[in-house]
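# A structural walkthrough
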Amino acid sequence: MGRYFVTTAIPYVNGKPHVGHALELVETDAYARHLRARGEEVRLQTGTDDNALKNVQSAEAEGITPVEYVERVAARFISLREPLDLSFDDFIKTSTDPRHRPGVEKLWAACAESGDFYRKSYAGLYCVGCEQFYGEDELVNGRCPEHGTVPDLVEESNWFFRLSRYADQLHELISTDRLRIEPATRKREVLSFIEAGLEDFSASRSMTRARGWGIPVPGDPDQVIYVWFDALGNYITAPGYGTDEASFDHWWTSSDARVHVIGKGIIRFHAVYWPAMLLSAGVRLPDTIFVHEYLTADGMKISKSAGNAEDPADIVAAYGSDALRWWMLSDVARSGDTDYTTERLVNRANEDLANNIGNLVNRTVSMVRRYRDGVIPPVPADNPGAAALRKARADAPAAIDAAFTAFDYRRAAEAITAIGDEGNRYVEAARPWELAKAERKQDAPPAALDAVLAELVATCREIATRLVAFLPEAAARIAAQCGDGGDQVAEPTPVFPRLELAKA
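Residues numbered from 1 in each chain as written. Predicted model: local features only at pLDDT ≥ 70, side-chain atom pairs only at ≥ 80, totals over all residues. Heavy atoms only, no water.

Turning our eyes to something else, we now look at the overall build of the protein chain. Check the secondary structure of the protein chain and you find 18 helices and 16 strands. Burial statistics for the protein chain: of 504 residues in total, 57% are counted as buried. Look at the contacts in the protein chain between residues 6 or more apart in sequence, and 76% of them connect residues 24 or more apart. Accessible area of the protein chain: about 20300 Å², with a carbon and sulfur share of 50%. Side-chain charges of the protein chain comprise 56 positive and 75 negative groups, with the mean position of each set lying 3 Å from the other. (Helix = DSSP H or I, 4+ residues; strand = E, 2+ residues; numbered from the N terminus. Buried < 20%, exposed > 50% of the residue type's maximum accessible area, 1.4 Å probe, protein only. Contact = heavy atoms within 4.5 Å. Areas by Shrake-Rupley, 256 points an atom, 1.4 Å probe, with all protein chains shown as cover. Lys, Arg positive; Asp, Glu negative; His and termini not counted. Charge placed at Lys NZ, Arg CZ, Asp CG, Glu CD.)

Our next topic: the sheet that holds strand β14 (residues 295-297). Ordered by their spatial adjacency, three strands build an open sheet running β15-β14-β16, and the pairing between neighbours is mixed. Strands with a single pairing partner mark the edges of an open sheet, and in this sheet they are β15 (300-301) and β16 (338-339). Examined bridge by bridge, β14 and β16 share two bridges and lie parallel to one another. Along β16, the bridge assignment pairs Thr296 with Asp339. (Pairing = 2+ DSSP bridges.)

Residues Glu182 and Pro183 are joined by a peptide bond in cis, for which omega reads -5°. Its place among the elements puts Pro183 in the loop between β7 (180-182) and α6 (184-195). For Asp177, which is not glycine, the phi dihedral falls at a positive 65°. On the secondary structure map, Asp177 appears in the loop between α5 (167-175) and β7. A relative accessible area of 40% places Asp177 in the partly exposed class. The phi angle at Phe407 is positive, at roughly 55°, despite the residue not being glycine. Summarising the element assignment, Phe407 is placed in the loop between α14 (387-405) and α15 (409-430).

Spatially, four strands are ordered β5-β4-β6-β8 in an open sheet, and the strand pairing comes out antiparallel. Of all the strands in the sheet, the pair left with one neighbour each is β5 (132-134) and β8 (201-202). Bridge analysis of strand β6 (residues 152-161) against β8 gives two bridges, and the strand direction is antiparallel. If you follow Phe160 over to β8, its bridge partner there is Ser202. Packing of helix α10 (residues 267-281) onto the sheet brings it into contact with β5, β6 and β8, and relative to β6 it is tilted by some 30°. (Axes fitted to C-alpha atoms, helices over the stretch in contact; angles between N-to-C directions.)

Of the volumes computed, that of the second largest pocket is approximately 960 Å³. Taken together, 35 residues make up the lining of the second largest pocket; nearest its centre are Gln132, Phe133, Glu138, Arg268 and Tyr273. Residues belonging to the lining of the second largest pocket are distributed by class as follows: 18 nonpolar, six polar and 11 charged. (1 Å grid on protein atoms, 1.4 Å probe; cavity = no way out; pocket = protein on both sides within 12 Å on 5 of 7 lines; lining within 4 Å. Points joined across faces, edges and corners; volume = space filled by probe spheres on them. Nonpolar A, V, L, I, M, F, W, Y, C, P; charged D, E, K, R; others polar.)

One can find Ser366 in helix α13 (residues 342-372). Relative accessible area serves as the criterion here: at 17%, Ser366 is assigned to the buried category. A C-alpha to C-alpha distance of 9.1 Å links Ser366 and Thr493, two positions 127 residues apart in sequence.

Within the largest apolar cluster, 96 residues are counted, with the highest numbers of intra-cluster contacts made by Leu467, Phe470, Ile478 and Phe496. A total of 12 residues in this core trace back to one element, the largest contributor, which is α13. Sequence-distant contacts of Ile478, that is, excluding residues within four places in its chain, are made with Ile357, Val361, Cys460, Ile463, Ala464, Leu467, Val495 and Phe496. Residues Leu170, Ile174, Leu278 and Val283 belong to the second largest nonpolar core, which totals 57 residues. (Core = buried A, V, L, I, M, F, W, Y, C linked by side-chain atoms within 4.5 Å.)

A separate point is the environment of Asp352. Structurally, Asp352 can be placed in helix α13. Judged by relative accessible area, which is 8%, Asp352 ranks as buried. Separated by 65 residues in the primary sequence, Asp352 and Thr417 have C-alpha atoms spaced 6.6 Å apart. Contact partners of Asp352, with chain neighbours within four places excluded, come to Trp326, Ser330, Ile357 and Thr417. At 3.0 Å, the side chain of Asp352 forms a polar contact with the side chain of Trp326. (Polar contact = N/O pair within 3.5 Å; in protein donor to acceptor, adjacent residues only side chain to side chain.)

Right, let's talk about helix α18 (residues 472-481) for a bit. Turning to α18, its buried residues number three or more, namely Pro472, Ala474, Ala475, Ile478 and Gln481. On the buried face of α18, the contacting elements are α1 (19-37), α12 (321-330), α13 and α17 (446-467). The positive-phi residue at the C-terminal boundary of α18 is Gly483, with phi of around 90°.

Here we come to the pattern of salt bridges. Between side chains of opposite charge, a pair can form as their charged atoms come close. Per the stated rule, a full pass over the model turns up 43 salt bridges. One salt bridge connects Arg38 with Asp401, and the closest N-O pair in it is separated by 2.7 Å. Here Asp401 lies in helix α14 and Arg38 lies in the loop between α1 and β2 (41-48), a separation of 363 residues in the sequence. Relative accessible area serves as the criterion here: at 23%, Asp401 is assigned to the partly exposed category. Taking the shortest distance from any N to any O, the salt bridge between Arg369 and Glu491 comes out at 3.0 Å. Taken as a pair, Arg369 in helix α13 and Glu491 in the segment after α18 lie far apart in primary sequence, 122 residues in all. Members of the salt-bridge network, linked through shared partners, are Arg186, Glu189, Lys264, Glu293 and Asp337. (Salt bridge = Lys/Arg side-chain N within 4 Å of Asp/Glu carboxyl O.)

In C-alpha cells form, the structure reads like this:
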C-alpha cells in the first residue's frame, strides 16, 4: 500500500464558488477516491486563500472587516462538501488556521538562510485579480490576459526572491519528469517559460498597500509576505510544516507521492515559483502537477465578473450531484476548454446513467425477482455467450487505473459505460424472458436462465465497484439493489431517474 498526499489549489474567497471551482474539487475527489479504493493511504486537502488584497478590497466595499468577509465566503466553499459529495480530509483557511502562519514563517526563514531574499525598489504593472505583475508583452491590448482589466502601476521597495538561481535545476527536474507536469502541453509551456529566462519575483508587499492584512515578514514588520508566497505554503503547513514535524514527515516528506491538481491560470506559480521555493528551503518537491483546463460559458471563462458563474449548489438542487459529477468526469476534455451547459449535463446523465447503467440495473434486479424470487444464482465457471461481457468487466480495472494515472477522467468513465453497453447487449442477445418462457414449458433447463441472471448481477456489481470514485452514493445504491454481496436482490427502484431540463 502506498501513501498519497493529494491537494487542490486554494481559491481566493472574493466571491461565492461557481461551477468552475466545482470542476477541480470533483476531479481531485474522484482521483483520491480511486486511490483509496485501490487500497492506498490518502490525504485529500483543499482550502481557501484568504490573505489577498482583493479580499481586503471586497471587504471594504461591503463595509466589514477582512476577517468577517473571508470567514463568510470560506464557509460557502466548505459547504460544497455535501452537494458535491466530496471526501476531503483537511480544509485550511490561510488567515485563521493556527498551522499556517508558523509554517509560512519557517518557510521564509529557510529561504532567507539560503540567501535567496534581497531588497529592491521597482515599478511594475500589477493585476490585483491575479495578484501578480505582468510585463507589457504579456498583456492583451494593455489588459490582463486572465481578467481583461487594466493593471495598476505599482512602485515599491520590497523583498525579492532569487528565482533566477533555480532555472537550470527546475528545467532538469521538469524535463526528466522528476517533477511531472500533465498534460504534456503544459509541461512544454513551463519549459518554454523557463528557457525564456526566469526573473526574480517580489516576495513581499508594503504593509500600507496590504492594508495591514497578511503575515508580516519576519524581522520587517513594515512588509507582509506576498500572497502567493503565503498561499503556496498551505501545501506543507496543513500537514504540519513548522507545527507538527511527525505529521509533516508522514504526509509530505515520506509519502510515496505528492500530487497537486490546479487550473491552467496558475501554472507559473505552481510549476516554477513553488518548486523553486522548496528547493531554496530544502524541502522535498511535489511529484506531479496536473493542470486542468477551464469550464467556459459560450466560449468565455466562467467567472463572477463575467456574470456567467452558476452556483454548483443550485445545479445540484435542480439535477442532483450524480448528474453534475458525472458530467464533469465523463464529458470535460483533458485538453482544451469545455463549455458548460445544462443541456449537456442533462443529455449526458440521461444517455450514460439513466439509459445505460440505470436501465441495466433495473432490468437485472427486476428479472431476478420475477424469475427467481430475488435469489441470485451462482455465476457459472464457463459461459461462452458472455465472453464479450466478461472481457469488458475484466478489462475495466486496468483501463480505469491507467486513465486515472494519466488524469484522463473521460477515458476512465468510458471504461464503465463500456461495461453497461456490453451488459445491455448481452440482455438483448440472451433474451432471458424467452428463456423463462421456455423453462416454464420445460423446453429449456433452469441452468440456462440462471447463467444469464448470474452474469447480469455480476456485471451490475462490477459497475457499482468501478463507480465508487465517480458517483459514490449511486455506487452504494446499485450495490444495495444487487444484494450488497449477499444472495438476494432488493426491490428494484430507479437508480438514475431520467432528467428533464428545468423550465426558465
